[in-house]
Amino acid sequence: MTAKIIEIIDEAKDIRSFRLQAKMDYLPGQWFYIKLDENLKHHFTISSSPTEDFLQFTTKFREESDYKKALWQRKIGDELEINGPFGNFVLDEKDTTPRLFIAGGIGITPFRSMIKYVSDKQLTLPIKLLYSVKSKAEAAFAAELSDLRIVETEKEGRLDKEKIEKYCLDWKERSWWVCGPPAMVEATTSFAPTGKVTSEEFIGY
Ligand SMILES: Cc1cc2nc3c(=O)[nH]c(=O)nc-3n(C[C@H](O)[C@H](O)[C@H](O)COP(=O)(O)OP(=O)(O)OC[C@H]3O[C@@H](n4cnc5c(N)ncnc54)[C@H](O)[C@@H]3O)c2cc1C
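The shown structure was predicted, so the numbers you read here are calculated from the model rather than taken from an experiment. (Residues numbered from 1 in each chain as written. Predicted model: local features only at pLDDT ≥ 70, side-chain atom pairs only at ≥ 80, totals over all residues.)

Enquirer: Run through the site of the ligand, naming residues and quoting values.
Expert: As a matter of local geometry, the ligand sits amid 21 residues, with Thr45, Thr59, Ser65, Tyr67 and Gly204 nearest to it. Those elements giving two or more residues to the shell around the ligand turn out to be β4 (40-45), β5 (55-60) and α1 (66-72). When grouped by side-chain class, the residues that make up the shell around the ligand number eight nonpolar, nine polar and four charged. Counting residues domain by domain, the shell around the ligand receives three or more from each of domain 1 (2-86) and domain 2 (99-201). (Near = placed C-beta within 6 Å. Helix = DSSP H or I, 4+ residues; strand = E, 2+ residues; numbered from the N terminus. Nonpolar A, V, L, I, M, F, W, Y, C, P; charged D, E, K, R; others polar. Domains from an automatic or database assignment.)

Structure below.
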């Protein structure tokens, strides 16, 4: 399927959202493939919510990446080849257990989709979001996310068990949802309450 780029948004330092015109039914938290050419194909979480009338993904530029260099050349009106949606890291709106969302860097993307969905649908679902970034300049979507605690690793160090307990006092009662680079997901899930954690790793970071 092809999708036309209708908007490109600078969200934070080196982070862009690409809004696409495409008909795709998806659940908050799912991902799709974007193929730029035969050798350049990546997974991206859909950072828009199904309540919005565009399909969006959000990613970070890396100088060493041929994929990102090619993507940053794309302009409004260009078409991308997409395939999806896929994935089980999805919001079950019937489950009203309070959530603790923990995002590492660009791992914020599924949570942006889920939180926007909860807000647009006016669901009663308590969500606390802990968002670990190197610095606030790299915190995409921060202005629109509520009940958010940003942890700047260059000032505070990594988001460890102590900080989670400090910033989310009822952490034991919540179901934990963790997304980010594999090392961050592995470290964080190792101290989550047993049986209460769901995670998604962004392989490639
Ligand atoms: C389910 C899922 C959802 C994702 N959602 C997002 C998102 O919303 N936003 C976002 O920016 N990124 C997302 N990613 C990661 C994305 O697909 C890229 O891997 C990432 O953006 C790095 O791409 P790059 O071109 O900068 O790095 P590259 O130059 O492609 O790769 C950097 C290094 O990682 C290795 N690598 C890259 N991809 C993989 C892979 N799939 N498996 C194993 N090794 C790999 C390369 O060999 C290289 O060593 C997601 C990944 C997964 C699996």
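From this point on, the discussion continues.
Enquirer: Which residues make up the pairing of strand β11 (residues 197-201), and what are the values?
Expert: As paired strands, strand β10 (residues 175-180) and β11 are joined by five bridges and run parallel to one another. Residue pairing across strands places Gly180 opposite Glu201, the latter belonging to β11. Chirality of the crossover, the property in question, places the unit of β10, helix α5 (residues 182-189) and β11 among those that are right-handed. (Pairing = 2+ DSSP bridges. Right-handed = clockwise from strand over helix to strand, strands pointing away.)

Enquirer: How would you sum up the nonpolar core? Please name residues and give values.
Expert: Within the largest apolar cluster, 37 residues are counted, with the highest numbers of intra-cluster contacts made by Phe101, Ile102, Ala103, Phe111, Leu129, Leu130 and Tyr131. Counting only elements with at least two residues in this core, the list comes to β7 (99-104), α2 (109-120), β8 (127-133), β9 (148-152), β10 and α5. Beyond its immediate stretch of four places on either side in the chain, Tyr131 contacts Ala103, Ile108, Ala139, Leu148, Ile150 and Val151. By size, the runner-up hydrophobic cluster in this structure holds eleven residues, among which are Leu20, Trp31, Ile34 and Ile82. (Core = buried A, V, L, I, M, F, W, Y, C linked by C-beta atoms within 7 Å. Buried ≥ 20, exposed ≤ 12 C-beta atoms within 10 Å, placed from the backbone. Contact = placed C-beta atoms within 7 Å.)

Enquirer: If you had to explain unusual backbone geometry to someone new, which residues and values would you point to?
Expert: Residues Gly84 and Pro85 are joined by a peptide bond in cis, for which omega reads 5°. As for its position among the elements, Pro85 is in strand β6 (residues 79-86). In this structure, Gln122 is a non-glycine residue whose phi angle is positive, near 50°. Looking at the element boundaries, Gln122 is found in the loop between α2 and β8. Judged by the 6 C-beta atoms lying within 10 Å of it, Gln122 is exposed. The residue Phe141 is not glycine, and still its phi comes out positive at about 70°. Topologically, Phe141 is positioned in the loop between β8 and β9. We classify Phe141 as buried; it has 22 C-beta atoms within 10 Å.

Enquirer: Requested: an account of the domain arrangement of the chain, with residues and values cited.
Expert: If you check the domain split of the chain, you get domain 1 (2-86) and domain 2 (99-201). One C-alpha centre belongs to domain 1, the other to domain 2; they are set 22 Å apart. With 16 residues of domain 1 at the interface, the matching set in domain 2 holds 15 residues. Going through the elements one at a time, β1 (2-12) and β5 are the ones with two or more residues in the side of domain 1 that touches domain 2. For the side of domain 1 that touches domain 2, the leading source of residues is β5, giving three residues. Grouping the constituent residues of the side of domain 1 that touches domain 2 by class yields five nonpolar, eight polar and three charged.

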